[in-house]
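Structure assessment
Next come the chains, spelled out residue by residue.
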Number of protein chains: 6
Amino acid sequence: MYEIGVVYRSIARTETMVADRFAGFGSATVHEAMGRVGLMKPSIRPIYAGAHVAGTAVTVLLQPGDNWMLHVAAEQVRPGDVVVAAVTAESTDGFFGELLATSFKAQGARALVIDGGCRDVRALTEMRFPVWSRAVSAKGTVKATLGSVNVPVVCAGALVYPGDVIVADDDGVVCVPRAAASATLDGAAAREASEIDKRAKLASGVLGLDMYRMREPLAAAGLRFID
Amino acid sequence: MYEIGVVYRSIARTETMVADRFAGFGSATVHEAMGRVGLMKPSIRPIYAGAHVAGTAVTVLLQPGDNWMLHVAAEQVRPGDVVVAAVTAESTDGFFGELLATSFKAQGARALVIDGGCRDVRALTEMRFPVWSRAVSAKGTVKATLGSVNVPVVCAGALVYPGDVIVADDDGVVCVPRAAASATLDGAAAREASEIDKRAKLASGVLGLDMYRMREPLAAAGLRFID
Amino acid sequence: MYEIGVVYRSIARTETMVADRFAGFGSATVHEAMGRVGLMKPSIRPIYAGAHVAGTAVTVLLQPGDNWMLHVAAEQVRPGDVVVAAVTAESTDGFFGELLATSFKAQGARALVIDGGCRDVRALTEMRFPVWSRAVSAKGTVKATLGSVNVPVVCAGALVYPGDVIVADDDGVVCVPRAAASATLDGAAAREASEIDKRAKLASGVLGLDMYRMREPLAAAGLRFID
Amino acid sequence: MYEIGVVYRSIARTETMVADRFAGFGSATVHEAMGRVGLMKPSIRPIYAGAHVAGTAVTVLLQPGDNWMLHVAAEQVRPGDVVVAAVTAESTDGFFGELLATSFKAQGARALVIDGGCRDVRALTEMRFPVWSRAVSAKGTVKATLGSVNVPVVCAGALVYPGDVIVADDDGVVCVPRAAASATLDGAAAREASEIDKRAKLASGVLGLDMYRMREPLAAAGLRFID
Amino acid sequence: MYEIGVVYRSIARTETMVADRFAGFGSATVHEAMGRVGLMKPSIRPIYAGAHVAGTAVTVLLQPGDNWMLHVAAEQVRPGDVVVAAVTAESTDGFFGELLATSFKAQGARALVIDGGCRDVRALTEMRFPVWSRAVSAKGTVKATLGSVNVPVVCAGALVYPGDVIVADDDGVVCVPRAAASATLDGAAAREASEIDKRAKLASGVLGLDMYRMREPLAAAGLRFID
Amino acid sequence: MYEIGVVYRSIARTETMVADRFAGFGSATVHEAMGRVGLMKPSIRPIYAGAHVAGTAVTVLLQPGDNWMLHVAAEQVRPGDVVVAAVTAESTDGFFGELLATSFKAQGARALVIDGGCRDVRALTEMRFPVWSRAVSAKGTVKATLGSVNVPVVCAGALVYPGDVIVADDDGVVCVPRAAASATLDGAAAREASEIDKRAKLASGVLGLDMYRMREPLAAAGLRFID
């Protein structure tokens, strides 16, 4: 863990059929199904609205102001992957732009999640290659110092192992450990199903206070209503 | 003030006819008409561009990471209200999402202003329920600790009493005390009227320096022009 | 330098033909062509997506919460200029809105770059007057204290002399010193040309590792591949 | 409320005997005794360690970059007061320094709490005039625009009325409304008394789990111990 | 991993003799010896200057605004431990104060590292119980929602397993995985030894340019000296 | 300007006798004497309290996460210099520590001002080598990419030319252009002299309102006193 200067070529990806099914669920639903863990910090935002992807993680550990390892990572990408890039220090530089996106896309990557900056956002938007990043910046980077590919990384506060499932949408980015993927899918599906009925009731004017039977616990907690 | 564990059911709302007329004015105009006070901090941003609402405040005091009182607040909403939620500590959690929005909308709420995070922004955008928040986050919350409903709150630096008028648009959120609502409306209308003529003059090439008669005070303050 | 209370009327603008050609290049390309310098910090963001301008700088030094000098600057604007406004302290107030934009546009300004806030963003978007700012805020300002116009300013970390070229797009804002403008244009054009071929290769599946001949230097730096 | 350009000369201060007794309690204890409300945000920090004051609030509303009203406030200070200064926009300028501190001290002020910056911190430390501020900055301010004195203000997220009790120490700043002062004192004293015994038990090795009888509620909440 | 609601009682601590030897090295030296990884973000700061500890990690996962699990963790502390507390969301609340410190100390804990706030800093300073935290805040917390104890946590960007070595001083906090502890100690010792000679040479006026033989690589990189 | 990869060996330093006299004045006084310009942002803070230096600037432009040029700069230091280091992107890495400080001190440097992080703060404090930085961080840096020495730099928002005077104390850091040094000294001395009398008057209870004759302009601005 935390090795510098290594590239793991063989990683245990979550099964494609499992990973792909996550695209049917939002990051909030998946995060709830995991027991409210696994989210990246809200400082990671999509560069354009409406993108929604799920895929298997190829991880990258970058040095600040240096995007060399993103080029190394491109070779490790398989169709269906989402590249997840952490940086050893906080950095908003533009590590990623149109050329790298062209290459990532050609290798089959579905998206990039980076705890740093990206640039060429107009071109990325036009080619529909979604990026979740902590900043947009035209600032270029060098290619001088090694990091790693496919080691476990901490990206925006979330621990990501290569092969984990990444789900990203307008609400943020969640990482599902490979071993928890199937169970989480079941939980997400159950949650979604239960929400259909709830949504209809709430839309008809039923109050959550009644639907969730909150009045008794609220009273027990001491809530007072004053006219 | 600052009571925890209470819900005030009877609040003195600004008259509907008065509150509704504020929808014709932007937050900047209203803020100027109030004498440049009453604005929330610019960290509060709309989740989608173009929303513009005015309504009467139902206030909520939340605990960090806990959205229980939003469910309690839903019952207090009357058509034309805007829910204003403060948190007792800085928090970016996703206190509010599609289900609560469905309920709020069914009760007649026009918007939510929250000094915390919200989630399901794609669904909220599609159902056109506008939210002004300090963050977007998939992070869920618990329902364990009491706050209050319809007590005075400080939300993003602005003091809001239940029943005050809230005006929110792309520029931010302003709170107009109920007692000042009518006078503020008059001031806003006067300001807007005076701007029509100014806009035309400026568009024709007249300089603000001349239109506002600034040359003399600038010279008096010592401004030097150097060729 | 740093004079307070002065307006320089005669500034040496980069030639129009040169400045205008920069509109064909993105801020990232121009920044690279300058040797990776000259960028403003990424805290400066456009108020709407898709704007892309190049022009000659008219500079303004503002006092916090005071927009008096923007009115003074309007008189110094010539068609093709971009106004660049620094503030003597960090401030997010709404120094600039629809009326000033109407005036700036009438004088021929193409955009405003401000290390402070702006307001009326909906109106500015509709009239297509782009602003790059550090905040959006309805907060109004006063007209009480002198700053300067057309002195060198530090705006969001970048040094800008009056007459320099400003290039701004979705990725950020870069300043090209007048003396470096022609050479930078050549560098930007060469870079763009070289990218067309690279983009095609990467899109066809060629790896950057091979195209940029990185395998040898990576091995020399000690990168290990593990199966 | 929120009036600009007014100075209230007569304010209802909390009784001196009551206010002074708060100096025996830390801000954390007082905040707990109030029901966990009334705290300013943790961005407000003391300029030197170890200061601990309690006093009655004289409030000031400042404009960004302008300290005129602090001079006006000096005249309203009575021995035992703590000046609380809010700013209409976020600002880190150095509104307050040695000269104003000399004047405030001569009038009997015990401290300044300011949601802005202060300067001359070495001199202030030597003269033992404590300041809680959001920044230290040598940046000077002007005297050009009116604010107000002794209106209710929101300072760092807390609502402060003139005459309220302010308690400030290394942990932060809390405001106790005048009407709640006596009851809060009683609560703080009770809390302190109960902590003496608790401290001794914990120091002897008794666990909070047992002392607070948490084992049952933890088990009820589902906590599992795994060997 | 990431389990909520569990307490692992048996953890594999780094050997005491190994962990204790880390107290002889600063966090910067240890971080270098690990290959420049393992550091927490610089937002984590000591509450008083001069503290320097090394110990074995007992980990805690807290919910925002809730310190229940710190009480649970106290029972798991063994002499020589350092408690490391992560929070599932960004929070500056005062999770920890004098009473908990008394209990932790009685159980043998050497310090607390928390990605949240702490309070009673004056008392903690007097009792010399060091805390590294992201904030100081008088804000109290509740005891309502489960987290976990002795699960792997991400604290301020660093991954910490129970039993890892924590080294903390004025420069920050570094986590050394148990398996890497011995090798890291050797590296740190070697580094320290080599610095003694370097320090003497630099103090005598020898330049790093010569001592590190940088002149040739600088020239090769293209550095130009201009008289 | 903004050249990368160059070291200017011959710089025009402000005369030693002039530069040294600045040590008698605080940064706030100097900043006022310059007309309230020239300050670095308040994010730059001293690593220990009480340091106060003045000296001539040797400037450094660093790349993020890379401290190579600080070693190059050491050779350019002359007794009485203050090294001022800017970074091409925001970075909190620990660019500077005990070894470099030993070298800088041996060459005669009085201090370092860096818009990045530093480490070994305990050792730096013990050897009394003051540093003003934006962060403290144990994070190490590489030596791989060129920057420059003795080019003009923008450091924390202030433009610094090699040879300018730097004045730094607990309140912050101000840069005085070489050409303005003498006049600024005179202004600072005059300001200090005038403050002695003012301080005595204020200490005796005279109000600033009277001493500065503010009552009339306040009334003219519309200030109302209400009993």
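Residues numbered from 1 in each chain as written. Chains lettered and ligands numbered in written order. Predicted model: local features only at pLDDT ≥ 70, side-chain atom pairs only at ≥ 80, totals over all residues. Heavy atoms only, no water.

**Overview of the overall build of chain A**
- Check the secondary structure of chain A and you find eight helices and twelve strands.
- Counting only C-alpha atoms, chain A reaches 65 × 35 × 35 Å along its principal axes.
- When burial is assessed residue by residue, chain A has 63% of its 227 residues classed as buried.
- If you take every contact in chain A between residues at least 6 apart in sequence, the share linking residues at least 24 apart comes to 77%.
- Across chain A, the 23 positively charged side chains and the 24 negatively charged ones have centroids separated by 1 Å. (Helix = DSSP H or I, 4+ residues; strand = E, 2+ residues; numbered from the N terminus. Buried < 20%, exposed > 50% of the residue type's maximum accessible area, 1.4 Å probe, protein only. Contact = heavy atoms within 4.5 Å. Lys, Arg positive; Asp, Glu negative; His and termini not counted. Charge placed at Lys NZ, Arg CZ, Asp CG, Glu CD.)

**Structural notes on the pattern of salt bridges**
Residue and element names in this part refer to chain A.
- Considering all chains together, one arrives at 102 salt bridges over all chains under this definition.
- Glu32 is the partner of Arg191 in a salt bridge, and the nearest nitrogen-oxygen pair spans 3.9 Å. With Arg191 in helix α6 (residues 181–203) and Glu32 in helix α2 (residues 27–33), this residue pair connects regions lying 159 residues apart in the sequence.
- Given a relative accessible area of 28%, Arg191 falls into the partly exposed group.
- Since its relative accessible area comes to 11%, Glu32 is described here as buried. (Salt bridge = Lys/Arg side-chain N within 4 Å of Asp/Glu carboxyl O.)

**Remarks on the relation of the copies chain C and chain A**
- Under the fitted operation, chain C is carried onto chain A by 0.0 Å of movement along the axis and a turn of 120°, and the coordinates agree to an RMSD of 0.0 Å. Both copies are brought into coincidence by an operation consistent with a three-fold rotation axis. (Least-squares fit on C-alpha atoms with pLDDT ≥ 70 in both.)

**Some remarks on the interface of chain C and chain F**
- Between chain C and chain F, the residue contacts involve 13 residues of the former and 13 residues of the latter.
- Across the interface of chain C and chain F, roughly 1,300 Å² is buried in total on both sides, 66% from carbon and sulfur atoms.
- Applying the counting rule to chain C against chain F returns two salt bridges.
- Two residues, Glu90 of chain C and Lys41 of chain F, come together in a salt bridge whose shortest N-O distance is 3.6 Å.
- Grouping the constituent residues of the side of chain C that touches chain F by class yields eight nonpolar, three polar and two charged. (Buried area = accessible area lost by both parts, 1.4 Å probe. Nonpolar A, V, L, I, M, F, W, Y, C, P; charged D, E, K, R; others polar.)

**Section: helix α6 (residues 181–203) of chain E**
- Taking 1.5 Å of rise per residue, 23 residues should cover 33 Å, and α6 of chain E covers 32 Å from first to last C-alpha, within 8% of that figure.
- Here α6 of chain E has its buried residues at Ala181, Thr184, Leu185, Ala188, Glu195 and Leu202 of chain E.
- Tucked into the core, α6 of chain E has its buried residues touching α1 (16–21), α2 (27–33), β11 (165–169), β12 (172–176) and α7 (208–211) of chain E together with α4 (98–107) of chain F.
- Remark: Gly205 of chain E follows α6 of chain E within two positions and exhibits a positive phi of approximately 105°. (Expected span 1.5 Å × (residues − 1).)

**Points about the relation of the copies chain C and chain F**
- At an RMSD of 0.0 Å, chain C and chain F line up after a rotation of 180° and a shift of 0.0 Å along the axis. What we have between these two chains is a two-fold relation. Scanning chain C for the C-alpha nearest the rotation axis identifies Gly157 of chain C, at a separation of 2.7 Å.
- Taken together, the interface assignments show that 100% of the residues at the interface of chain C recur at the interface of chain F, consistent with an identical surface on both copies.

**Thoughts on the packing of helix α4 (residues 98–107) of chain A against helix α6 (residues 181–203) of chain C**
- In contact at an axis separation of 8 Å, α4 of chain A and α6 of chain C are set at 20° when each is read in the N-to-C sense. Considered as vectors, α4 of chain A and α6 of chain C are oriented roughly parallel to each other. As for the relative orientation of α4 of chain A and α6 of chain C, their crossing is right-handed in sense. Each of Glu98, Leu99, Thr102, Ser103 and Ala106 of chain A in α4 of chain A lies in contact with α6 of chain C, whose residues at this interface are Glu195, Lys198, Arg199, Leu202 and Ala203 of chain C.
- Residues that form the contact of α4 of chain A with α6 of chain C fall into these classes: four nonpolar, two polar and four charged. (Axes fitted to C-alpha atoms, helices over the stretch in contact; angles between N-to-C directions. Parallel < 35°, antiparallel > 145°, perpendicular 65-115°, else oblique. Left-handed = near helix turned anticlockwise from the far one by under 90°.)

**Regarding the interface of chain C and chain A**
- Contact residues are listed per partner, giving 35 residues for chain C and 35 residues for chain A.
- Together, the buried faces of chain C and chain A total about 3,100 Å²; carbon and sulfur atoms form 61% of this surface.
- Among the residues chain C hides against chain A, the three largest losses belong to Asp171, Phe225 and Ile226 of chain C. Together they make up 18% of the total.
- Where chain C meets chain A, there are four salt bridges.
- Between Arg215 of chain C and Glu75 of chain A there is a salt bridge, with its nearest N and O atoms 2.8 Å apart.
- For the pair chain C and chain A, the interface holds 15 residue pairs in polar contact (both at pLDDT 80 or more).
- The set of elements that each furnish at least two residues to the side of chain C that touches chain A consists of α2 (27–33), α6, α7 (208–211), α8 (215–221) and β13 (224–226) of chain C. (Polar contact = N/O pair within 3.5 Å; in protein donor to acceptor, adjacent residues only side chain to side chain.)

**Details of the packing of aromatic side chains**
- For the structure shown, the criterion picks out twelve aromatic pairs over all chains.
- Site record: aromatic cluster; members linked through ring pairs are Phe96, Phe104 and Phe129 of chain A. (Phe/Tyr/Trp six-rings, centres within 6.5 Å; stacked < 30°, edge-to-face > 60°.)

**Quick word on the pairing of strand β12 (residues 172–176) of chain B**
All names here are of chain B.
- Burial analysis of β12 places five of its five residues in the buried class, the great majority of the element.
- Going residue by residue along β12, you find Gly172, Val174 and Val176 tucked away on one face and Val173 and Cys175 tucked away on the opposite face as well.
- Where strand β11 (residues 165–169) meets β12, five bridges bridge the pair, whose relative direction is antiparallel. Bridging from a neighbouring strand, Val165 pairs with Val176 of β12.
- Counting the residues between successive antiparallel strands, the hairpin from β11 to β12 contains two residues. (Pairing = 2+ DSSP bridges.)

**With respect to the pairing of strand β4 (residues 81–87) of chain B**
Residues and elements named next belong to chain B.
- Of all seven residues in β4, seven are buried; the element is thus mostly enclosed.
- Alternating residues of β4 divide into Asp81, Val83, Ala85 and Val87 and Val82, Val84 and Ala86, and every residue in both groups is buried.
- Note: strand β3 (residues 53–62) against β4, seven bridges, orientation parallel. Opposite Thr59, over in β4, you have Val84 as the bridge partner.
- Following the chain from β3 across helix α3 (residues 68–74) to the adjacent parallel β4, one finds a crossover that is right-handed.
- Where β4 and strand β6 (residues 111–118) come together, four bridges link them in parallel fashion. Residue pairing in the sheet places Ala85 in a bridge with Ile114 of β6. (Right-handed = clockwise from strand over helix to strand, strands pointing away.)

**So, the arrangement of the chains**
- Note that chain A does not reach chain D: the shortest distance linking a C-alpha of one to a C-alpha of the other is 13 Å.
- One finds no contact between chain B and chain F; the C-alpha atoms of the two approach each other to within 13 Å at their closest.

**What to know about the state of the cysteines**
- Enumeration over the complete set of coordinates arrives at zero disulfides over all chains.
- The thiol of Cys155 of chain E is unpaired, and the distance to the nearest cysteine sulfur, on Cys175 of chain E, comes to 9.4 Å. (Disulfide = S-S within 2.5 Å.)

**Remarks on the environment of Ile47 of chain A**
- Relative to the assigned elements, Ile47 of chain A resides in the loop between β2 (45–46) and β3 (53–62).
- Residue class for Ile47 of chain A comes out buried when judged on its relative accessible area of 18%.

**Description of the environment of Leu159 of chain D**
- With respect to the secondary-structure elements, Leu159 of chain D resides in strand β10 (residues 158–160).
- Sequence separation between Leu159 of chain D and Glu195 of chain D is 36 residues, and the spatial gap between their C-alpha atoms is 29 Å.

**What to know about the side chain of Glu32 of chain F**
- Side-chain polar atoms of Glu32 of chain F contact the side chain of Arg119 of chain D, separated by 2.8 Å.
- Setting aside its immediate chain neighbours within four residues, Glu32 of chain F contacts Arg119 and Gly140 of chain D together with Arg191 of chain F.

**Topic: unusual backbone geometry**
- A positive phi angle, close to 65°, is found at Asn150 of chain B, a residue other than glycine.
- If you trace the backbone, Asn150 of chain B turns up in the loop between β8 (148–149) and β9 (153–155).
- Residue classification places Asn150 of chain B among the buried residues on the basis of a relative accessible area of 4%.
- Despite not being glycine, Arg36 of chain D has its phi angle at roughly 65°, a positive value.
- If you trace the backbone, Arg36 of chain D turns up in the loop between α2 (27–33) and β2 (45–46).

**With respect to the environment of Glu32 of chain A**
- Separated by 156 residues in sequence, Glu32 of chain A and Ala188 of chain A place their C-alpha atoms 7.6 Å apart.
- Apart from the residues within four sequence positions on either side, Glu32 of chain A is in contact with Arg191 of chain A together with Arg119 and Gly140 of chain B.
- A distance of 2.9 Å separates the side chain of Glu32 of chain A from the side chain of Arg36 of chain A, its partner in a polar contact.

**Structural notes on the confidence of the model for chain A**
- Mean pLDDT over chain A stands at 97; residues scoring 70 or higher make up 99%.
- With pTM at 0.97, the complex prediction returns an ipTM value of 0.95. (pLDDT = per-residue confidence, 0-100.)

**Thoughts on the side chain of Asn67 of chain E**
All names here are of chain E.
- Residue placement: Asn67 occurs in the loop between β3 (53–62) and α3 (68–74).
- At 3.0 Å, the side chain of Asn67 forms a polar contact with the backbone oxygen of Phe95.
- Ignoring sequence-local partners within four residues, the contact set of Asn67 consists of Leu62, Phe95, Leu100, Thr141, Val142 and Lys143.

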